[in-house]
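# A closer look at the structure
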Amino acid sequence: MRSNTRLAQAEAGAVFRLGLGIGALVALLDQATKWWILGTVMQPPRVVEITSFFNLVLGWNRGVSFGLLNDADGFGPWPFLALTGAITLGLVIWLKRVSGVWLGAALGLIIGGAVGNAVDRLRFGAVVDFLDFHLASLHWPAFNAADCAISVGVVMILVDSLFGRVR
């Protein structure tokens, strides 16, 4: 019985380290892409057409997902940073209790994306967005690598929840 407990604790510790590692990698990748966009591609800011449905643009999101509350400047970035911090802390606590690699990786993706966007809010007061997908004049709100990681992580959690534990 004791060896099973130790094995479960070791597995949970490995999943925790994996999730934090994925989170760190996502945050670093996100910040590297934003550094490249701000320092090289968008000098000067412009629309860079990559394909007929995808551009690189420079957008500043002061609100939440998809630009919601983007005009709510009254408080600055602090309420969003506080909310991001609380959610990230909750996700880290959840990650500490997870034993499955799939769910650990999913939480790591979300944590890393949240940290990447939080760094932007601390540095610039807004999140840097630059990926612009469109169909004719219909544009999806611009987003970034952190947003991609968060979205993939959420889908992984949904798959895990809907179809049973994925190892």
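This section reports on the structure supplied with the text. (Residues numbered from 1 in each chain as written. Predicted model: local features only at pLDDT ≥ 70, side-chain atom pairs only at ≥ 80, totals over all residues. Heavy atoms only, no water.)

## Observations regarding the pattern of salt bridges
Put simply, the test is: Here a salt bridge means any side-chain nitrogen of Lys or Arg lying within 4 Å of a carboxyl oxygen belonging to Asp or Glu. Strands here are runs of E lasting at least two residues and helices are runs of H or I lasting at least four, both read from the DSSP assignment and numbered beginning at the N terminus. Categorising residues by exposure relies on relative accessible area from a 1.4 Å probe, with only protein chains included: less than 20% of the type maximum marks a residue as buried, more than 50% marks it as exposed, and the intermediate range marks it as partly exposed.
Inspection of the entire model under this criterion finds two salt bridges. Aspartate 120 is paired through a salt bridge with lysine 34; the nearest N and O atoms lie 2.6 Å apart. Taken as a pair, aspartate 120 in helix H3 (residues 101-124) and lysine 34 in helix H1 (residues 2-41) lie far apart in primary sequence, 86 residues in all. For the pair aspartate 120 and lysine 34, one class covers both residues: buried. A network of salt bridges, in which partner residues are shared, links Asp30, Lys34 and Asp120.

## A few points about the pairing of strand E2 (residues 54-61)
Just so we agree on the cut-off: One bridge is not enough; two strands pair if DSSP finds at least two bridges between them.
Within E2, six of the eight residues are buried, leaving the element largely enclosed by the surrounding structure. Bridge count for strand E1 (residues 48-51) against E2 is three bridges, and the pairing is antiparallel. Its bridge partner lying in E2, valine 48 is registered against leucine 56. Between E1 and E2, which follow one another and run antiparallel, lie two residues.

## Comments concerning a nonpolar patch on the surface
What counts here: Each patch is built from residues that are more than 30% exposed by relative accessible area and take part in no salt bridge. Like charges join if they lie within 9 Å; nonpolar side chains (Val, Leu, Ile, Met, Phe, Trp, Tyr) join within 5 Å. Each accessible area is a Shrake-Rupley result for a 1.4 Å probe, and residues are judged covered by the shown protein chains and nothing else.
Taken together, the side chains of Val154, Leu158, Leu162 and Phe163 make up a nonpolar region of the molecular surface, amounting to roughly 450 Å² of accessible area. Looking at the element boundaries, valine 154 is found in helix H4 (residues 145-163).

## Remarks on the side chain of asparagine 117
How we decide: Here, two residues are considered to be in contact whenever any of their heavy atoms come within 4.5 Å of each other.
You can see asparagine 117 is positioned in helix H3. Using a relative accessible area of 10% as the deciding quantity, one classes asparagine 117 as buried. Apart from residues lying up to four places away in sequence, asparagine 117 is in contact with Asp30, Lys34, Val127, Asn144, Ala146, Asp147 and Ile150.

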